[in-house]
Amino acid sequence: MNREKTPRREPGALGFAVALLLLGAVAFAAALALWSRMSEPRVSSAAALPLFVSGLWVLMALWNALTCAMQKKTDAVGVREALRHALPPRTLALLALTASYCALLYGGVGFLIATPLFLYAAMCFLLRGDYVKNLLRAAVVTALIWLVFHAAFGVVLP
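Thresholds applied
Residues numbered from 1 in each chain as written. Predicted model: local features only at pLDDT ≥ 70, side-chain atom pairs only at ≥ 80, totals over all residues. Heavy atoms only, no water. Helix = DSSP H or I, 4+ residues; strand = E, 2+ residues; numbered from the N terminus. Buried < 20%, exposed > 50% of the residue type's maximum accessible area, 1.4 Å probe, protein only. Polar contact = N/O pair within 3.5 Å; in protein donor to acceptor, adjacent residues only side chain to side chain. Contact = heavy atoms within 4.5 Å. Axes fitted to C-alpha atoms, helices over the stretch in contact; angles between N-to-C directions. Parallel < 35°, antiparallel > 145°, perpendicular 65-115°, else oblique. Left-handed = near helix turned anticlockwise from the far one by under 90°. Nonpolar A, V, L, I, M, F, W, Y, C, P; charged D, E, K, R; others polar. Phe/Tyr/Trp six-rings, centres within 6.5 Å; stacked < 30°, edge-to-face > 60°. Lys NZ or Arg CZ within 6 Å of the ring centre and 35° of its normal.

(A) Expanded view of the side chain of Asn134. Turning to its location among the elements, Asn134 is positioned in helix H6 (residues 131-152). A relative accessible area of 0% means that Asn134 is categorised as buried. A distance of 2.8 Å separates polar atoms of two side chains, one belonging to Asn134 and the other to Arg137. Apart from the residues lying within four places of it in its own chain, the contact partners of Asn134 are Tyr120, Met123, Cys124, Leu127 and Gly129.

Laid out in structure tokens, this is it:
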């Protein structure tokens, strides 16, 4: 059999890996800044979890970028083809839906209105049909999120 030891790299994979690494580095820097502002930085402080998670993010993204860089290149493709491969239409649609959800929350629409709208739209888009079931699912998931975060933990939701 003629097998390659190192698989070929998908179009845009290295660029995406580097972008994740850079975004992780920004998140790590923000978490480090939060840690440095704490009066008594400890493992139990509010900055510990963001620092830990963003540190793991950077390490895993670095490993991913190095692994990706060691793979053989695919045939040369343009930026447009790489973006089309990395962000297919379904993914772009969900990104637009997520951006709309964030805009609703940022614009002052409450959590209990924006969240079921977002969930219902996403479920109808992904599941194609079952509109009544999707409405029930969106309502149940919204209620569970509200119960866990607002009622149980006292988190103020927008």
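(B) Inspection of the packing of helix H5 (residues 111-127) against H6 at higher detail. As a packed pair, H5 and H6 sit with axes 9 Å apart at the nearest point and diverge in direction by 140°. Viewed along their axes, H5 and H6 adopt a mutual orientation that is oblique. The chirality of how H5 crosses H6 is right-handed. Side by side, H5 and H6 meet where Phe111, Leu112, Thr115, Pro116, Leu119, Tyr120, Met123, Cys124 and Leu127 of the first sit next to Tyr131, Asn134, Leu135, Arg137, Ala138, Val141, Thr142, Ile145 and Trp146 of the second. By residue class, the composition of the contact of H5 with H6 is 14 nonpolar, three polar and one charged.

(C) Focus on the packing of aromatic side chains. Enumeration over the complete set of coordinates arrives at one aromatic pair. Between Tyr101 and Phe118 the ring centres are 4.7 Å apart and the planes differ by 25°, which places this aromatic pair in the stacked class. Here Phe118 lies in helix H5 and Tyr101 lies in helix H4 (residues 89-106), a separation of 17 residues in the sequence. We note that Tyr101, like Phe118, is buried. When the ring centre of Phe125 is taken as origin, the NZ or CZ atom of Arg128, which lies over that ring, is 4.9 Å away.

Limitation: the analysis is restricted to geometry and does not speak to function.
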